[in-house]
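One letter stands for each residue in the lines below.
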Amino acid sequence: MGVSWNQLSVVVVLVVISSVPVLASAGNFYQDFDLTWGGQRSKIFGGGQLLSLSLDKESGSGFQSKKEYLFGRIDMQLKLVAGNSAGTVTAYYLSSQGPTHDEIDFEFLGNLSGDPYILHTNVFTQGKGNREQQFYLWFDPTRNFHTYSIVWKPQHIIFLVDNIPIRVFRNAESKGVPFPKNQPMRIYSSLWNADDWATRGGLVKTDWTKAPFTAYYRNFNAKPWTPSSFSDSEWQTNELDAPSRRRLRWVQKYYMIYNYCNDWKRFPQGPPVECK
Ligand SMILES: *[C@@H]1O[C@H](CO)[C@@H](O)[C@H](O)[C@H]1NC(C)=O
């Protein structure tokens, strides 16, 4: 007998761990998404495992989910436009339809080679946004794929980057702030040009000699909410656990570069009620 139980259980644990990402990446872009904009500039390949969007001087491109979601956890891995991406914006968001729509936004604002991207976030409820928070990232988002997630529950919306919470938008209906809870949302993404505002406030323009600009997507995973799809404890806990709260504070302390809640110039009467 060459193998002890200890060794065997190590092997079992390794097999279980290494199979988790495979299970989590069961999504297939052909099945789950429609390419909606930009013609040949959006592509699905690798048997449905990889999607790319590109932008050139004539047009950007985009896609949207076939399904709508009302609460759930949605994960996507993105690898952003590399090199000189100044003026480009990769938007990745959930949105419902119509003038009183709800929306949960990630927007990645490109930059010159070697200068940091800005991750811009926003939450719209009943057609009203103005809730921007912006971050630098603690890695270069163009080198590798990283996971960007939205956890949308009746109690709160959490934005995560590589499973680290960067922003929590709590349900503040008790203070009169509408919360997205009645309108199902689709997932959308687009790559477009916004060199009138995106990079250093519009000072740095897109260098079209570097076009086409391309962003990549993989490992889409959506866990829609149904009363049975999540364990009770996962869905009923209102708050982040202590390690997650620490990570959130770390991101907010060292990487947050703009928070509408602290913008006294913009809100001279004091910040919006959900900030308190
Ligand atoms: C681009 O780089 C400049 C200089 O480091 C920085 O001020 C800015 O926040 C960066 N990001 C964007 C999107 O402008």
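Per an unreviewed UniProt entry, the chain goes by the name Xyloglucan endotransglucosylase/hydrolase and belongs to Turnera subulata. The record held by UniProt for the chain lists under Sequence similarities (unreviewed entry) the comment "Belongs to the glycosyl hydrolase 16 family." UniProt annotates the chain under Function (unreviewed entry) with the comment "Catalyzes xyloglucan endohydrolysis (XEH) and/or endotransglycosylation (XET). Cleaves and religates xyloglucan polymers, an essential constituent of the primary cell wall, and thereby participates in cell wall construction of growing tissues."

Novice: So what exactly am I meant to see when it comes to the overall build of the chain here?
Specialist: A tally of regular secondary structure across the chain gives four helices and 15 strands. Counting all 276 residues of the chain, 29% fall into the buried class.

Novice: Can you help me understand the site of the ligand in this one?
Specialist: As a structural note, the neighbourhood of the ligand is formed by Leu109, Asn111, Asp115, Pro116, Ile118, Ala198, Thr199 and Arg200. Among the residues forming the shell around the ligand, the class breakdown is four nonpolar, two polar and two charged.

Novice: Is there a simple way to explain the sheet that holds strand E5 (residues 72–79) in this structure?
Specialist: The strands making up a sheet associate through backbone hydrogen bonding, with each pair oriented either parallel or antiparallel. Spatially, the seven strands line up as an open sheet ordered E2-E3-E14-E5-E10-E11-E12, and their pairing is antiparallel. Bordering the open sheet on either side are strand E2 (42–45) and strand E12 (164–170), each of which pairs with just one other strand. Recorded for the sheet is a direction-independent mean angle of 20° between the axes of neighbouring strands. In terms of strand pairing, E5 meets strand E14 (residues 213–224) through seven bridges, oriented antiparallel. Paired with Lys79 across the bridge in E14 is Tyr216.

Novice: Would you mind showing me how to read the UniProt feature "active site" (unreviewed entry) in the chain here?
Specialist: Following the UniProt record, the feature "active site" (unreviewed entry) maps to Glu103 and Glu107 here. Locating Glu103 in the fold gives a position in strand E7 (residues 103–109). For Glu103, a count of 19 C-beta atoms within 10 Å puts it in the partly exposed group. Ignoring sequence-local partners within four residues, the contact set of Glu103 consists of Tyr93, Leu94, Ser95, Phe124 and Gly129. When you line up the elements, Glu107 lands in strand E7.

Calculation rules
- Residues numbered from 1 in each chain as written.
- Predicted model: local features only at pLDDT ≥ 70, side-chain atom pairs only at ≥ 80, totals over all residues.
- UniProt positions renumbered as here; feature names shortened; annotations may be inferred.
- Helix = DSSP H or I, 4+ residues; strand = E, 2+ residues; numbered from the N terminus.
- Buried ≥ 20, exposed ≤ 12 C-beta atoms within 10 Å, placed from the backbone.
- Near = placed C-beta within 6 Å.
- Nonpolar A, V, L, I, M, F, W, Y, C, P; charged D, E, K, R; others polar.
- Pairing = 2+ DSSP bridges.
- Axes fitted to C-alpha atoms, helices over the stretch in contact; angles between N-to-C directions.
- Contact = placed C-beta atoms within 7 Å.

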